[in-house]
Amino acid sequence: MSDLKALYQEVILDHNKNPRNFKKLEDADYSVEGYNPLCGDHYTVYLKMKGDVISEITFIGSGCAISKASASVMSTVLKGKTLTEVESLFNEFHHLVRGEIKDDVSIEKLGKLAAFGGISEFPVRVKCAILPWHTMKNAIDKKNETVSTE
Ligand code: ZN
């Protein structure tokens, strides 16, 4: 295993074990549930906005290591971002986990999100990784229905 792969695995293990922003947000502007029936991942994402900036983002729920780490890393990355930045990160993350970003420079630019690049080799796991993102996106788009990856 390369050093970079080991580092990426470390990020996922760490965020699974000690998920960041793992709490209910009582005064959230939006909260949306997401469910991945294939794996049993089930999360609620909470968002608090200040204008078009995400001022707080938290989540609760349970699921596999990939989904929990993805939700945790997402929460650390998106806090303080504008909706335009969030949209672009959402798209980049999708390209990444589908294996559509090939060059190392572009991957490294994604910072901690790059840890999920290896997921593209495991199609079933892609749904686990993108579930928190779809849930967050639905909240931002003000669709308050539960998200399912099916
Ligand atoms: Zn899962």
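As shown above, the structure is provided for reference.
Please read these numbers as outputs of a predicted model, since none were measured by experiment.

Cut-off values and rules
Residues numbered from 1 in each chain as written. Predicted model: local features only at pLDDT ≥ 70, side-chain atom pairs only at ≥ 80, totals over all residues. Heavy atoms only, no water. Helix = DSSP H or I, 4+ residues; strand = E, 2+ residues; numbered from the N terminus. Rg over C-alpha atoms; globule rule 2.2 N^0.38 Å. Buried < 20%, exposed > 50% of the residue type's maximum accessible area, 1.4 Å probe, protein only. Contact = heavy atoms within 4.5 Å. Areas by Shrake-Rupley, 256 points an atom, 1.4 Å probe, with all protein chains shown as cover. Lys, Arg positive; Asp, Glu negative; His and termini not counted. Charge placed at Lys NZ, Arg CZ, Asp CG, Glu CD. 1 Å grid on protein atoms, 1.4 Å probe; cavity = no way out; pocket = protein on both sides within 12 Å on 5 of 7 lines; lining within 4 Å. Points joined across faces, edges and corners; volume = space filled by probe spheres on them. Nonpolar A, V, L, I, M, F, W, Y, C, P; charged D, E, K, R; others polar. Salt bridge = Lys/Arg side-chain N within 4 Å of Asp/Glu carboxyl O. Core = buried A, V, L, I, M, F, W, Y, C linked by side-chain atoms within 4.5 Å.

J.: Describe the overall build of the chain, and please don't skip the residues or the numbers.
T.: The secondary structure content of the chain amounts to five helices and four strands. Taken over the C-alpha trace, the chain has a radius of gyration of 14 Å; the compact-globule value for 150 residues is 15 Å, and the two agree within 12%. Overall, the chain is about 45 × 30 × 25 Å in size when its C-alpha atoms are taken along their principal axes. Burial statistics for the chain: of 150 residues in total, 43% are counted as buried. Put simply, of all contacts in the chain between residues at least 6 apart along the chain, 58% involve residues at least 24 apart. Total accessible area computed for the chain in this model is approximately 7700 Å², and 51% of it derives from carbon and sulfur atoms. Placing the 19 positive and 21 negative side-chain charges of the chain at their respective mean positions leaves the two points 3 Å apart.

J.: Give a description of the environment of Leu 13 that names residues and reports values.
T.: Tracing the backbone through its elements, the reader meets Leu 13 in helix H1 (residues 3-17). Taking relative accessible area as the criterion, Leu 13 reaches 52% and is therefore assigned exposed. Expressed as a C-alpha distance, the spacing of Leu 13 and Ala 69, which sit 56 residues apart in the sequence, is 7.3 Å.

J.: Pulling in residues and values, what's your account of the layout of surface pockets?
T.: Approximately 600 Å³ is the volume found for the largest pocket. Of all the secondary-structure elements, those providing two or more residues to the lining of the largest pocket are H1, helix H2 (65-78) and helix H4 (104-108). In terms of residue count, the dominant contributor to the lining of the largest pocket is H1 (six residues). Its residues placed into classes, the lining of the largest pocket shows 14 nonpolar, six polar and six charged.

J.: Pulling in residues and values, what's your account of the side chain of Lys 68?
T.: By the secondary structure assignment, Lys 68 is in helix H2. Despite its burial, Lys 68 pairs with no opposite charge; the closest candidate is Asp 41, at 9.5 Å N-O. Sequence-distant contacts of Lys 68, that is, excluding residues within four places in its chain, are made with Asn 16, Pro 19, Phe 22, Tyr 43, Phe 59 and Gly 61.

J.: Tell me about the environment of Ala 6, and name the residues and values.
T.: Along the chain, the position of Ala 6 falls in helix H1. Separated by 143 residues in the primary sequence, Ala 6 and Thr 149 have C-alpha atoms spaced 28 Å apart.

J.: Lay out the nonpolar core in plain terms, naming residues and giving numbers.
T.: Formed by 44 residues in total, the largest nonpolar core has its most connected members in Leu 78, Phe 93, Phe 116, Trp 133 and Met 136. Breaking this core down by element, the ones donating at least two residues are H1, strand S1 (30-36), strand S2 (41-50), strand S3 (53-62), H2, helix H3 (83-97) and helix H5 (123-140). Take this core: its biggest share by element is nine residues, from H5. Each residue touching Leu 78, except ones within four places of it in the same chain, is listed here: Ile 54, Ile 57, Val 86, Leu 89, Trp 133 and Met 136.

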